[in-house]
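Coordinate inspection notes
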Amino acid sequence: MNIKDFGVEMWMAKYENDALYNIAETCVSSITINELLEMSDIKDSAFDNIRKMKMTYGDIEGSLELRREICKLYQNIDIANVTVTHGTIGANALVYDVLIEPNDHTISVLPTYQQHYSIPESLGANVDILPLRWENNFIPDIDELKSLIKPNTKIISINNPNNPTGSVIGLDLLNQIVDVARSVDAYVLCDEVYRGLDHVEGFTPSIVDLYEKGISTASLSKTFSLAGLRIGWVVGSKQFIEMANKRRDYNIISCGMIDDYLATIALKSKDKILARSLSIVRKNIEILDKWVNESKHLKYIRPKGGTTAFLKYSMDISSEELCKDILDKTGVMLVPGKVLDMEGYIRIGYANSEDILKKGLSKLTEYLETYWG
C-alpha cells in the first residue's frame, strides 16, 4: 500500500519535544490521573480495582460499562451501535478499512485531518476534495458538494468542529449534507473528536442522530483532555458496527483494560471535565482573539469551536520555513499550513495552559516585530 506521508503527525513528532512553548497542541490542557480520580470521588477504590485486575485482553469491543457511557453522548444510541478503538485515529482508519474498495468514490473537506483523504486514496478510491474557503468562513458549500457527488460515492467525510479552522457546521447545513448523501445512498463520516467544544453551545449535533448512514468517530483525547488513554470509538448503525467488529479482529483486537476502566470513570465524570474544558477554550480564545486583532501580519476567521485556529499571514515566506524559524529563534511551536496541504497559513492550538499560551504569544510578538517589522 502506497500512502502519503502524514504531514502534521510527522511535524509534531519531529519538533514538539524541542519546543519551549507548545502552542501547536490540539488537546485541551491534559489532566493527570490523580485529577481525574478526584473529579470522580473514587480515588482510593479505583487504585484498588486496578491492582486487582488480571491483565487479559478484556472486552474485545470495549466493556459494556464504557459503551453505555459513550451512548449517553448521543440520542437513541444503543451499545450495539458502538465499538471502542485506539483513539479517533484508530476509529477513522477502521471505518475506511471496512468500507473502501478500489474505484469507490469519496469526498473529503480540506483542510481536515489527513486520514480522511490519504487513507481512501491509498486503498484505491477516487477522492475529490471539497475545499473549505476563507470567503465562506471555512464552511462547506452545499452547491459545491452537490457538484462533486457521484452515483458511486461511498463516503462524504467531514470534521465538526473542524481542525484546523475551528469552524462549526450547524444543524441546517448538516441536514443538507445528509440529503445529498442520501440521494446516492452514501455514508457520512463525521470526525467529531472536538465535539463538546462549541464555544457557545458546547455539544454540536452528531451525524449519527441525523442520518441512518451517519458514522461518528470520537475519543477522549481533545475535549476530555485524556489523550494518553488512547480510547476512541466508532458509532454507527448496528449493521455497520457488526462489519466493523469483524474487521477489527485483524488490526485492533481490544484496547487496554486499564484504559477502558479509566475511560469509563472519565465519561461518568463528563460534566466536570467538560465544564473545565469549555472554561479553558472560552477564556483562551479571547486571549488569542485580542492578540490576532492587534497583529500587523496575521488575521483569521475566529474559531467557533474546537481548540485550533488557522492564521493567514502576510509575509513572503513558506509556512514551513516560517514555523522552523519561529521555533529556532523563540522556542514557540506552531504547525505550518503546508503539512495540512494549505500553504499560506499556520495552525495554532490555544487550549494549552493559559500561561503557555500567553508566553508563546508574547514571544511571537517579539519575533514578528524584530524580523518582520
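Overview of the structure.

Cut-offs applied
- Residues numbered from 1 in each chain as written.
- Predicted model: local features only at pLDDT ≥ 70, side-chain atom pairs only at ≥ 80, totals over all residues.
- Heavy atoms only, no water.
- Helix = DSSP H or I, 4+ residues; strand = E, 2+ residues; numbered from the N terminus.
- Rg over C-alpha atoms; globule rule 2.2 N^0.38 Å.
- Buried < 20%, exposed > 50% of the residue type's maximum accessible area, 1.4 Å probe, protein only.
- Contact = heavy atoms within 4.5 Å.
- Areas by Shrake-Rupley, 256 points an atom, 1.4 Å probe, with all protein chains shown as cover.
- Lys, Arg positive; Asp, Glu negative; His and termini not counted.
- Charge placed at Lys NZ, Arg CZ, Asp CG, Glu CD.

Details of the overall build of the chain
When helices and strands are tallied, the chain shows 13 helices and 13 strands. In terms of overall dimensions, the chain is globule-like: its C-alpha atoms have a radius of gyration of 20 Å, near the 21 Å expected for 373 residues. Taken along its principal axes, the extent of the C-alpha atoms in the chain is 60 × 55 × 40 Å. Relative to its 373 residues, the chain shows a buried fraction of 58%. Of the contacts made within the chain by residues no fewer than 6 positions apart, 74% connect residues no fewer than 24 positions apart. As presented, the chain carries roughly 15900 Å² of accessible surface, and 49% of it is formed by carbon and sulfur atoms. Averaging the positions of the 41 positive and the 52 negative side-chain charges in the chain gives two centres separated by 3 Å.

Some words on unusual backbone geometry
In this structure, Pro111 follows Leu110 across a cis peptide bond, with omega equal to 5°. By the secondary structure assignment, Pro111 is in the loop between β3 (105-110) and α6 (115-122). The linkage connecting Asn163 with the following residue, Pro164, adopts the cis geometry, with an omega of 20°. Position of Pro164 among the secondary structure elements: in the loop between β5 (153-159) and α8 (171-183). Even without glycine at this site, Asp185 takes up a positive phi of about 60°. Taking relative accessible area as the criterion, Asp185 reaches 52% and is therefore assigned exposed. With phi around 60°, Ser225 is a residue other than glycine that occupies positive phi space. For Ser225, the location among the structural elements is in the loop between β7 (214-219) and β8 (232-235).

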